[in-house]
Amino acid sequence: KGCQTFHDVMRFIHEKAFRTLVQIGKDPRAFLRRGGKRLRSHLPLDLVLIDIGGGLAESAGKHAYIDPDKITSLPMKALWEGLSSPQVWSTEPIPVDFKGLMSSLTRTQSAQILGNALPSINLAVIGSNYVNLSLPLGYHFTAVDAGIGPSPENNYISFRFVGGVTDITRRSRRATLLMRILEREGFKVEVNGDLVIARAINLTQNQMKSRLTLIGKLIGFARQLDVLLKNDKDVDYYFHKFIEQTKEP
């Protein structure tokens, strides 16, 4: 009743949706009770999918677990193609130095004290032409929001990446690496410390799918790189390594 403008309505919707999401997320099983489905995968993701219409095949039914071939969401299929690509996703354990580990622990405790710690659940809200992917992977957070349709002027990709297990210098190097790769692919990128925000608009469906697949590959490739970026030359090395690994045959 207090809303006077469209902006008021949007703020009201956002606030209510966020509160509901956090409340449900306090118990990750609540997502499954409300229709979410776990995606079977060899990747260390334990991803929960919530279909808001046309995101999953009807044959998925009421099964608690589904295979990737049941995904019908165009942007999620493109992302998954990248995420599940061979070579880019490393599951090898990487040793963390004591200084970096203490840095990450301090940041985590500070976030909890400030009330900013959200439930650690990998979640994708998907529709036939839409995806909102949230991945709190270890000590960093990745988010992708994208819409694909027949009209390029309505198509968009938003990508956000922040955090890591090391000190700010190495995390910033990873941010620089992500920026270089994303800018090479035509994204408009902003970097602030270890925070990367990238956007792309006015793309055709094929261009959208190609860039979302690249983002999927980048998520897997960059997951633990902050530990390995010990100097600025390492940024160049891994930039060229990623380009070589993802080169079209």
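1. Let's talk about the overall build of the chain
- Across its full length, the chain holds eight helices and nine strands.
- Burial analysis of the chain (249 residues in total) assigns 41% to the buried set.
- Sequence separation of at least 24 residues holds for 64% of the intrachain contacts in the chain that already meet a minimum separation of 6.

2. Overview of a nonpolar patch on the surface
- On the surface, Val-9, Met-10, Phe-12 and Ile-13 cluster together to form a nonpolar patch covering roughly 380 Å² of accessible area.
- The residue Ile-13 is located in helix H1 (residues 6-25) in this model.

3. Brief notes about the confidence of the model for the chain
- Residues with a pLDDT of 70 or more make up 84% of the chain, whose mean pLDDT is 83.
- Contacts for the low-pLDDT stretch residues 98-118, under 50 throughout, to residues beyond four places or in other chains number 24 contacts.

4. Let's talk about the pairing of strand S5 (residues 130-137)
- Relative to S5, strand S4 (residues 123-127) is paired through five bridges, and the arrangement is antiparallel. Residue pairing in the sheet places Gly-127 in a bridge with Tyr-130 of S5.
- Count of turn residues in the S4/S5 antiparallel hairpin: two residues.
- As paired strands, S5 and strand S6 (residues 140-147) are joined by eight bridges and run antiparallel to one another. Pairing of Leu-137 across the sheet is with His-140, part of S6.

5. Structural notes on the pattern of salt bridges
- Inspection of every chain in the model, using the stated rule, returns eight salt bridges.
- The partner of Arg-173 in a salt bridge is Asp-232, with the nearest N and O atoms 3.0 Å apart. Linking Arg-173 in helix H5 (residues 168-184) with Asp-232 in helix H8 (residues 232-245), this pair joins segments that are 59 residues apart in sequence.
- A relative accessible area of 15% means that Arg-173 is categorised as buried.
- Given a relative accessible area of 56%, Asp-232 falls into the exposed group.

6. Some remarks on the sheet that holds S5
- The strand order across the open sheet built from nine strands is S3-S1-S2-S4-S5-S6-S7-S9-S8, with neighbouring strands paired in mixed fashion. Looking at strand neighbours, the two that pair on one side only are strand S3 (65-66) and strand S8 (188-192), the edges of this open sheet.
- Sitting on the sheet, helix H6 (residues 205-222) is in contact with S5, S6 and strand S7 (156-163), with an inclination near 10 degrees to S7.

7. Digging into H8
- Counted at 1.5 Å a residue, the expected span for H8 with its 14 residues is 20 Å, and the 21 Å between its end C-alpha atoms agrees.
- Of the residues that open H8, the one with a side-chain oxygen 3.0 Å from the backbone nitrogen of Lys-233 is Asn-231.

So, how was this worked out
- Residues numbered from 1 in each chain as written.
- Predicted model: local features only at pLDDT ≥ 70, side-chain atom pairs only at ≥ 80, totals over all residues.
- Heavy atoms only, no water.
- Helix = DSSP H or I, 4+ residues; strand = E, 2+ residues; numbered from the N terminus.
- Buried < 20%, exposed > 50% of the residue type's maximum accessible area, 1.4 Å probe, protein only.
- Contact = heavy atoms within 4.5 Å.
- Patch = residues over 30% accessible without salt bridge, like charges linked within 9 Å, V, L, I, M, F, W, Y side chains within 5 Å.
- Areas by Shrake-Rupley, 256 points an atom, 1.4 Å probe, with all protein chains shown as cover.
- Salt bridge = Lys/Arg side-chain N within 4 Å of Asp/Glu carboxyl O.
- pLDDT = per-residue confidence, 0-100.
- Pairing = 2+ DSSP bridges.
- Axes fitted to C-alpha atoms, helices over the stretch in contact; angles between N-to-C directions.
- Expected span 1.5 Å × (residues − 1).
- Polar contact = N/O pair within 3.5 Å; in protein donor to acceptor, adjacent residues only side chain to side chain.

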